[in-house]
Amino acid sequence: MLKRALKGALGIGLGATIGMVIIPRIMDPNLNKIYPPIFVQAVVQFVASYIVAFLIYLLLDYFKFKKQK
């Protein structure tokens, strides 16, 4: 259950990082002047989205486990 949540959250974390950090900076180069450095923002965004996705996957697996009992 824990291993599956860790694996599933990885894809969500990477997708959220690409969607919220990389793509906006490519679309509007002026954001580089406003936002923090891209590496810092990408790491913070990845960690935050990974934690949230992991907790959601874990919660869903817990409910599936309880339902089977």
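This section reports on the structure supplied with the text. (Residues numbered from 1 in each chain as written. Predicted model: local features only at pLDDT ≥ 70, side-chain atom pairs only at ≥ 80, totals over all residues. Heavy atoms only, no water.)

Brief notes about the overall build of the chain
Then, number 1: Tallying secondary structure elements over the chain gives three helices and zero strands in all.
Then, number 2: Of the regular secondary structure in the chain, the N- to C-terminal order runs α-α-α.
Then, number 3: For the chain, the C-alpha atoms occupy an extent of roughly 55 × 20 × 15 Å along the three principal directions.
Then, number 4: Across the 69 residues of the chain, 22% fall into the buried class.
Then, number 5: A sequence separation of at least 24 residues applies to 69% of the contacts in the chain between residues at least 6 apart.
Then, number 6: Counting only carbon and sulfur atoms, one obtains 75% of the accessible surface of the chain, whose full area is about 5,300 Å². (Helix = DSSP H or I, 4+ residues; strand = E, 2+ residues; numbered from the N terminus. Buried < 20%, exposed > 50% of the residue type's maximum accessible area, 1.4 Å probe, protein only. Contact = heavy atoms within 4.5 Å. Areas by Shrake-Rupley, 256 points an atom, 1.4 Å probe, with all protein chains shown as cover.)

Details of the pattern of salt bridges
Between side chains of opposite charge, a pair can form when the charged atoms approach closely.
Then, number 1: Under the counting rule described, the total for this entry stands at one salt bridge.
Then, number 2: Close ionic contact of D61 with R4 constitutes a salt bridge, the shortest N to O distance being 3.6 Å. One end of the pair, D61, is in helix α3 (residues 38-68); the other, R4, is in helix α1 (residues 2-27), with 57 residues separating them in the sequence.
Then, number 3: Residue D61 is classed as buried on the basis of its relative accessible area of 7%. (Salt bridge = Lys/Arg side-chain N within 4 Å of Asp/Glu carboxyl O.)

A look at α1
Owing to its 3.6 residues per turn, the α-helix brings residues three or four apart onto one side.
Then, number 1: Taking 1.5 Å of rise per residue, 26 residues should cover 38 Å, and α1 covers 37 Å from first to last C-alpha, within 8% of that figure.
Then, number 2: Of all the bends in α1, the largest measures some 35° and sits at I18.
Then, number 3: Buried residues of α1: A5, G8, A9, G13, A16, T17, V21 and R25, and no others.
Then, number 4: Of the surrounding elements, those touching the buried residues of α1 are α2 (31-34) and α3. (Expected span 1.5 Å × (residues − 1). Bend = angle between axes of the 7 residues up to and from the residue.)

So, the environment of L60
Then, number 1: Tracing the backbone through its elements, the reader meets L60 in helix α3.
Then, number 2: For L60, a relative accessible area of 47% gives the class partly exposed.

Some words on the packing of α1 against α3
Then, number 1: Orientation of α1 relative to α3, taken along the N-to-C sense of each, is 145°, at an axis distance of 7 Å. Like other packed secondary-structure pairs, α1 and α3 cross with a definite hand, here right-handed.
Then, number 2: For the contact of α1 with α3, the class distribution of residues is 19 nonpolar, six polar and three charged. (Axes fitted to C-alpha atoms, helices over the stretch in contact; angles between N-to-C directions. Left-handed = near helix turned anticlockwise from the far one by under 90°. Nonpolar A, V, L, I, M, F, W, Y, C, P; charged D, E, K, R; others polar.)

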